[in-house]
Amino acid sequence: MKYKYTTSILFVALCLWALSTAWITPHQSVVHYRYDPLPELKGGTGHFLYVATPGIRDYLGYGGHGLLVFDIDNDHKFVKRIPTKGYHENGTPSNVKGIAVSAQLNSIYISTWESLQRIDLDTEELVWEIPFKGGCDRMSISPDGMTMYLPSLEKDFWNVVDAKSGAIITQLKIHSRAHNTLYGPSGKHVYMSDIGSPFLFVADTETHTVAKKIGPFSAGVRPFTINSDESLVFVNVNELLGFEVGDLNTGEKLASIEVMGWDKGPVRRHGNPSHGIAMTPDEKEIWVSDGFNMRIHIFSGQAPYQQFTTIPLGDMPGWINFSLDGSYAYPSSGEVIATKTRKILYLLRDENFNTVSSEKMVEIVMKDGKVTAAGDQFGLGRSHTNAR
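This text gives an overview of the structure that appears in the document. What you see is a predicted model, and the numbers here were worked out from it, not measured in a lab. (Residues numbered from 1 in each chain as written. Predicted model: local features only at pLDDT ≥ 70, side-chain atom pairs only at ≥ 80, totals over all residues. Heavy atoms only, no water.)

**Quick look at the overall build of the protein chain**
Alright, step 1. Looking only at helices and strands, the protein chain has 1 helix and 29 strands in total.
Alright, step 2. Looking at the protein chain as a whole, 56% of its 388 residues are labelled buried.
Alright, step 3. Look at the contacts in the protein chain between residues 6 or more apart in sequence, and 49% of them connect residues 24 or more apart.
Alright, step 4. In the form shown here, the protein chain has an accessible surface area of approximately 16,700 Å², with 55% of it arising from carbon and sulfur atoms. (Helix = DSSP H or I, 4+ residues; strand = E, 2+ residues; numbered from the N terminus. Buried < 20%, exposed > 50% of the residue type's maximum accessible area, 1.4 Å probe, protein only. Contact = heavy atoms within 4.5 Å. Areas by Shrake-Rupley, 256 points an atom, 1.4 Å probe, with all protein chains shown as cover.)

**So, the packing of aromatic side chains**
Alright, step 1. Considering all chains together, one arrives at 13 aromatic pairs under this definition.
Alright, step 2. For the pair phenylalanine 224 and phenylalanine 378, a centre-to-centre distance of 5.5 Å together with 45 degrees between the ring planes defines the contact as tilted. Taken together, the residues phenylalanine 224 in strand β16 (residues 221–226) and phenylalanine 378 in the segment after β29 (370–374) connect sequence positions 154 residues apart. Residue phenylalanine 224 shares its accessibility class with phenylalanine 378, and that shared class is buried.
Alright, step 3. Clustering of aromatic rings is evident, with ring pairs tying together Phe234, Phe243, Phe299 and Tyr305.
Alright, step 4. The positively charged end of arginine 138 is found above the aromatic ring belonging to tryptophan 319, 3.5 Å away from the centroid.
Alright, step 5. In this structure, lysine 213 packs its charged tip against the face of phenylalanine 199, placed 4.2 Å from the ring centre. (Phe/Tyr/Trp six-rings, centres within 6.5 Å; stacked < 30°, edge-to-face > 60°. Lys NZ or Arg CZ within 6 Å of the ring centre and 35° of its normal.)

**Quick word on the sheet that holds strand β6 (residues 115–120)**
Alright, step 1. Strand order across the open sheet formed by 4 strands is β4-β5-β6-β7, with antiparallel pairing between neighbours. Every other strand in the sheet has two partners, leaving β4 (96–102) and β7 (126–131) as the edge strands with one partner each. Averaged over neighbouring strand pairs, the angle between their axes works out to 15 degrees when direction is ignored.
Alright, step 2. One ladder, built from 5 bridges, connects β6 with β7; its direction is antiparallel. Opposite arginine 118, over in β7, you have tryptophan 128 as the bridge partner. (Pairing = 2+ DSSP bridges. Axes fitted to C-alpha atoms, helices over the stretch in contact; angles between N-to-C directions.)

**Here's the deal with the layout of surface pockets**
Alright, step 1. Of the volumes computed, that of the largest pocket is approximately 630 Å³.
Alright, step 2. Pro143, Ala374, Gly375, Asp376 and Arg382 are the residues nearest the centre of the largest pocket, which is lined by 30 residues in total.
Alright, step 3. Secondary-structure elements contributing two or more residues to the lining of the largest pocket are β4, β8 (140–141), β12 (178–183) and β29.
Alright, step 4. Its volume calculated, the second largest pocket comes out at about 300 Å³.
Alright, step 5. Lining the second largest pocket are 19 residues, and of these Arg57, Lys97, His179, His270 and Glu359 lie nearest its centre.
Alright, step 6. Of all the secondary-structure elements, those providing two or more residues to the lining of the second largest pocket are β4 and β12.
Alright, step 7. Here the residues of the lining of the second largest pocket are counted per class, giving 5 nonpolar, 5 polar and 9 charged. (1 Å grid on protein atoms, 1.4 Å probe; cavity = no way out; pocket = protein on both sides within 12 Å on 5 of 7 lines; lining within 4 Å. Points joined across faces, edges and corners; volume = space filled by probe spheres on them. Nonpolar A, V, L, I, M, F, W, Y, C, P; charged D, E, K, R; others polar.)

**As for the environment of valine 210**
Alright, step 1. Relative to the helices and strands, valine 210 is located in strand β15 (residues 209–214).
Alright, step 2. Taking the C-alpha atoms as reference, valine 210 lies 9.0 Å from lysine 173; in sequence the two are 37 residues apart.
Alright, step 3. Apart from residues no more than four positions distant in its own chain, valine 210 is found in contact with Leu172, Ile174, Met192, Phe201, Val202 and Ala203.

**Details of the side chain of asparagine 321**
Alright, step 1. Here asparagine 321 lies in strand β24 (residues 320–322).
Alright, step 2. Under the relative-accessibility criterion, asparagine 321 is labelled buried at 4%.
Alright, step 3. Of the polar contacts made by the side chain of asparagine 321, one reaches the backbone oxygen of aspartate 376; its length is 2.6 Å.
Alright, step 4. Ignoring sequence-local partners within four residues, the contact set of asparagine 321 consists of Tyr328, Ala329, Tyr330, Met361, Asp376, Gln377, Phe378 and Gly379. (Polar contact = N/O pair within 3.5 Å; in protein donor to acceptor, adjacent residues only side chain to side chain.)

Written out as structure tokens, the structure reads:
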């Protein structure tokens, strides 16, 4: 009888132990952790992901309002929320349209529908907020950190802006619906997409004039990325689930690649099947968003661009980025993905455990409050720049 009683106790104890550890069973792909906030020191030293919200339209349900900081080397745990400006006329937080870093000025910039903010990364204080006539969209800063190309909010022009003062240097008239902007790694060219045009426009940064057009592509150009030697561009276009390829030297369209095995369907945002494309830093793969099916499709980064696999996500992706070393992929739906294994490792969560989703994020390495390295909001090829 005593033996049976002891056995029963052991059995119950084992069951309780199994239930208490069930959440870490191998089939669980996303790591859940208890939130132990790190000391909220301004500036500081570390390897961080800065995420601007609201970065999906002006929806506060994806992370609230502010600049959220995550510790990349500590399981992407939430560190702090830096207060930001950027409001509609009615006083509610405005859509964040872009994010960029000037290491030289130790500043991070956030554009919203109405204005551009510059925030000091050491003090985490607002340096200035400037409203721009015609609004703002996704901007880009020169490699020397001193010049910004800032598109209007789907108007026909880009402003060239002094990154220190926010003063307008000049203005470029392009087409009809200015949108995405990318400074090339060489600093010699800026690549500009206009939703209303099937061309990608290329500006000469010495003269601040349009030097050439790439295309025409099959429809209006949406998100895009380039390789590190600035010889190829990979673009999303309206109506295509997939991407197209252009030669940045000759200006010709080289290929149109359609995602196979998945159907197009209605999407909740952006109005086109694929809004979001990134190249792995080693330039071996291209990752493409699929809004309707809530997936990322992965292709070879080399012609003929073989389709490799797909990764299901928890929400509609509208943008994709990678960490500087290529270890992590960051879809705008909030997942942190191991690039090599395709495994979803974590979900970005704020101080209240809410999932954080944004199409505007950038990696920054800090030492004693100073920027020592910074990524880009675009998922760029880096094989040549990393070798320098």
